[in-house]
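Residue-level structural notes
Listed below, chain by chain, are the residues.
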Amino acid sequence: MNLGQQLAQYILSGLSTGAIYALIGVGFAIIHNATGIINFAQGEFVMLGGMATFFFFSALKVPLVLAVALATGVSTMAGIVFERLAIRPLKNATPINLVIITIGGSILIRGIAMLLWGKDTHSLPTFSGDEPIMLGGATVMPQHLWIFAVTLVVIVCSKLFFSHTISGKAMRACSYNRRAAGLVGIDVRRMVLFSFAISSAMGSMAGIIIAPLTMTSYDVGVMLGLKGFCAAIIGGMSSGLGTVFGGLILGVLEALGAGLFSSGYKDAIAFIILLLILFIRPQGLFRRGESERV
Amino acid sequence: MLKIKNINTYYGKVHALKNVSLHLHKGEIVTLIGANGAGKTTMLNTISAVTPPSAGNIIFEERDLAGLSPDRIVKLGICQVPEGRQVFKPLSVEDNLHLGAYLRYRGREGRAEIRRDLDDVYALFPRLLERRKQAAGTLSGGEQQMLAMGRALMARPRLLLLDEPSMGLAPLVVQEIFRAIEQLRQERGTTVLLVEQNAKAALRMAGRGYVLETGKVVLEGLPSDLLENNDVQRAYLGKDKKEIWER
C-alpha cells in the first residue's frame, strides 16, 4: 500500500471515529447550553447504549434492531432519572458543584454497569455484514457507513429541531437568557430535563453504532466521554456544526497520529489538542469573540 | 384585579420589600415610582414569582399566586417586560416574538390567531417589521425595548408589568414607547403596572401612583396629588433644590 492509500485509509477511519466524537460532543453542548454545566456523566450514557444493546441482544436474544431501540430507550430513561435525582433537587447549587455531581454520577453509573454486566469486554455484530467496501484505494466497513449515516441523520434532525420548532427555540432561549425565558412562560426546569433526555439519547446512539467496531465494556464511557468533550471544546460548545467539525478534526488527527507515528500516542493527541485549544482559543475554533450591542 | 397584601420579600439577605400593599383595577395604568434600590424591580419580580415573597398574599383575579412558578404566572395572564429588555439576542426578532407566544403554541392554539397577534405587534411597532429577520442583539436600545414589549404582548397578557421602559433611551423613543402603552390601554383595556424613574412622564400617563422608598410604600394617590407633593417634587422631579440647600 502506498502512502496515498494509507493516508486515505487513515482519514476515512478517522472521520468515522470523529463522527462518534461529534455525536457525543453535541450531547455535551446541548446540556451545557441549557444549564451552563459540563455533564461529565455523558460518556456513561455512551457506554450504557453499547452495553444495553449487548445485554438485550446476547442475553435476552432480542433481534438486533429491537435491541438497539430498547437500549436507546433505556439510556434516555437513565438520563432523565439522572437529571431528576441528581441535578434538579439542588436548587441553588453553583455550576461547579453540579459538575462535580456529574462526575460522581458517572462513577456511580459505571459501578452499577460493572455489577450488572461484569468487567468483560463484549462485542456486538455489525449491522450489515463484514464485507469491506473498496472506496478509492481505501477500504470501508459497512459499519462505518452506518456511523456516517446515523450521525448525519441525528445532526440534521437536531439542527431542524433547534432552528425550526418552537420547543427547540425555547431551549435555545433558555441558554441565552434563563430569566427572560421564565418570564415568557417557558418552564426552564422542563427544558433542562429535556436537554438531558436528548443528549443521553444521542450519546447512547454513538455508543451503539461504534460498539460493533471497537467492542464495549463497562468502562468505555470514560475515554469516549472525554473525546466528546474535546470535540465540544474545539467547536466552542456549539450544539451545531462547530462541534461536528470539532469531532471530525479530532478523529482525523488521532487516526493520522496513530498511523504515522505510533498508536500509543492516539489518546495523547486528543488531550494535547484540548489543552492547546483551551490555551489559545478558549471560545473554540470557529466562534468569533463575543460581539454584540448592549 | 390585582391585590397585594403585606408582601415581604428578601433579596438575598436584604429585606427589599417591607409590608407592601397595593392594588390595581381592571384597565388601569398604575405607576410605581421611587429611587434606585427602593424595591420597584423587586416588586415586579415578586409578582412574576422570580423572587417569591416570604410573607403576604398576591391575589390576581380571585386567585392566590403563592407557590406558582414564573411560567404559571404567565399562563394566568401576567407578563413582565424586564428591566434592560432581556431579549434573546442571537435569535431573530420574529423568533423572539414567537417565543412570547410559547404557552399558546404549547396550548395548541390556532396558528392563525397567533399570526394575527404578530401582525398587531408589527402594527404597533412598525420598526420591528422592518427588522424581523435580524438578530435581536443587533437592534438599538429603543428597538430592543419595543421587541421586549412585543414579546410580552404575544402572550396576550391581561396585566402587563413594565420595568423602566424608558431607561437609557432617547426622548423621542421614550415618547414612542409611552404612546404604545397608552394605545394598549385604550384599544385592549390592558392593565399596566409601570415602574419608572422618569417619574414625571409616568405620572402624566397613569391613573394612580405609588411612591416606594426603601422597600415601603410612603405615598399613594392620584398623579396630580403626587406631582404637587413636596417630597415627590424634591426627590424625583428635581424641583425645590434651592430650599434644600438653604435649609
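If you're wondering where the values come from, they're calculated on a predicted model, not measured in any experiment.

All right, on to the interface of chain A and chain B then. Where interface size is given, it is often the accessible area lost as the parts come together that is meant. Counting from both sides, the interface comprises 22 residues of chain A and, opposite them, 28 residues of chain B. The interface formed by chain A and chain B includes one salt bridge. Across the pair Lys 169 of chain A and Asp 95 of chain B runs a salt bridge whose closest N-O atoms are separated by 2.9 Å. Taken together, the links from chain A to chain B amount to three residue pairs in polar contact (both at pLDDT 80 or more). Elements that contribute at least two residues to the side of chain A that touches chain B include exactly helix H6 (166-176), helix H7 (178-183) and helix H8 (188-214) of chain A. Sorting elements by how many residues they give to the side of chain A that touches chain B places H6 of chain A first, with seven residues. In the side of chain A that touches chain B, the residues fall into 11 nonpolar, four polar and seven charged.

What follows deals with the packing of helix H2 (residues 42-59) of chain A against H8 of chain A. Angle between the axes and distance between the axes: these two values describe a pair of packed helices. All names here are of chain A. Two elements in contact, H2 and H8, have axes separated by 7 Å at closest approach and are oriented at 50°. With respect to H8, the axis of H2 lies oblique. Considering how the two elements wind past one another, H2 and H8 form a crossing that is right-handed. Contacts between H2 and H8 involve Gln 42, Phe 45, Val 46, Gly 49, Gly 50 and Thr 53 on the former and, on the latter, Ser 199, Ser 200, Gly 203, Ser 204, Ala 206, Gly 207, Ile 208 and Ala 211. For the contact of H2 with H8, the per-class residue count stands at five nonpolar, nine polar and no charged.

This part is about the confidence of the model for chain B. On average, residues of chain B score 89 in pLDDT, and 96% of them reach the 70 mark or higher. The complex prediction reports pTM at 0.87, with the ipTM value standing at 0.87.

Next up on the list: the sheet that holds strand S3 (residues 29-33) of chain B. All names here are of chain B. Read from one edge of the open sheet, six strands run S6-S7-S8-S3-S9-S10, paired in mixed fashion. Both outer strands of the open sheet, strand S6 (78-81) and strand S10 (216-221), are each paired with one neighbouring strand and no more. The average undirected angle you get between the axes of adjacent strands in this sheet is 20°. Summarising the sheet, S3 and strand S9 (residues 208-213) pair through four bridges and their orientation is parallel. Counterpart to Leu 32 in the pairing with S9 is Tyr 210.

Residue and element names in this part refer to chain A. Within the secondary structure layout, Ser 217 lies in the loop between H8 and helix H9 (220-234). Given a relative accessible area of 6%, Ser 217 falls into the buried group. Within polar-contact distance, the side chain of Ser 217 engages the side chain of Asp 219 at 2.6 Å. Discounting chain neighbours no more than four positions away, the residues touching Ser 217 are Met 47, Met 51, Asp 120 and Thr 121.

Let's shift gears to the nonpolar core. In this structure, Ile 186 of chain A together with Leu 99, Leu 128, Leu 160 and Ile 181 of chain B are the most contacted members of the largest nonpolar core, which totals 114 residues. Broken down by element, this core gets its largest block of residues, 11 residues, from helix H1 (residues 3-35) of chain A. With residues up to four places along the chain from it excluded, the contact list for Ile 181 of chain B reads Ile 29, Met 149, Leu 162, Pro 165, Val 192, Leu 194 and Met 205 of chain B. Listed in part, the 26 residues of the second largest apolar core include Val 30, Met 43, Val 195 and Leu 212 of chain B.

Turning our eyes to something else, we now look at the environment of Gly 257 of chain A. Residue and element names in this part refer to chain A. Inspection of the secondary structure puts Gly 257 in helix H10 (residues 241-260). Looking at Gly 257, the relative accessible area reads 5%, which means it is buried. Expressed as a C-alpha distance, the spacing of Gly 257 and Ala 268, which sit 11 residues apart in the sequence, is 9.6 Å. In this structure, Gly 257 is in contact with Ser 262 and Ile 269, ignoring residues within four places of it in sequence.

Within the structure shown, the criterion is met by one cavity of 30 Å³ or more. Empty space within the largest cavity amounts to approximately 50 Å³. Along the walls of the largest cavity sit Ala 180, Leu 183 and Val 184 of chain A together with Cys 79, Gln 80, Val 81, Pro 82, Gly 100, Ala 148, Arg 151 and Ala 152 of chain B, which together make up its complete lining. Breaking the lining of the largest cavity down by element, the ones donating at least two residues are H7 of chain A together with S6 and helix H7 (141-153) of chain B. Grouping the amino acids of the lining of the largest cavity by side-chain chemistry returns eight nonpolar, two polar and one charged.

Residue and element names in this part refer to chain A. Assignment of secondary structure puts Tyr 10 in helix H1. Residue classification places Tyr 10 among the buried positions, given a relative accessible area of 18%. Aside from chain neighbours lying at most four places away, what touches Tyr 10 is Ala 255, Leu 256, Gly 259 and Leu 260.

All names here are of chain B. Counted at 1.5 Å a residue, the expected span for helix H8 (residues 171-188) with its 18 residues is 26 Å, and the 26 Å between its end C-alpha atoms agrees. Buried within H8 we find Val 173, Val 174, Ile 177, Phe 178, Ala 180, Ile 181 and Leu 184. Down the axis of H8, the sector holding all buried residues measures 150°, keeping them to one side. Exposed positions of H8 whose direction lies more than 90 degrees from the buried face are Pro 171, Leu 172, Gln 175, Gln 186 and Glu 187. Just beyond H8, the residue with positive phi is Gly 189, at close to 65°.

How each quantity is defined
Residues numbered from 1 in each chain as written. Chains lettered and ligands numbered in written order. Predicted model: local features only at pLDDT ≥ 70, side-chain atom pairs only at ≥ 80, totals over all residues. Heavy atoms only, no water. Contact = heavy atoms within 4.5 Å. Salt bridge = Lys/Arg side-chain N within 4 Å of Asp/Glu carboxyl O. Polar contact = N/O pair within 3.5 Å; in protein donor to acceptor, adjacent residues only side chain to side chain. Helix = DSSP H or I, 4+ residues; strand = E, 2+ residues; numbered from the N terminus. Nonpolar A, V, L, I, M, F, W, Y, C, P; charged D, E, K, R; others polar. Axes fitted to C-alpha atoms, helices over the stretch in contact; angles between N-to-C directions. Parallel < 35°, antiparallel > 145°, perpendicular 65-115°, else oblique. Left-handed = near helix turned anticlockwise from the far one by under 90°. pLDDT = per-residue confidence, 0-100. Pairing = 2+ DSSP bridges. Buried < 20%, exposed > 50% of the residue type's maximum accessible area, 1.4 Å probe, protein only. Core = buried A, V, L, I, M, F, W, Y, C linked by side-chain atoms within 4.5 Å. 1 Å grid on protein atoms, 1.4 Å probe; cavity = no way out; pocket = protein on both sides within 12 Å on 5 of 7 lines; lining within 4 Å. Points joined across faces, edges and corners; volume = space filled by probe spheres on them. Expected span 1.5 Å × (residues − 1). Arc of directions from axis to C-beta.

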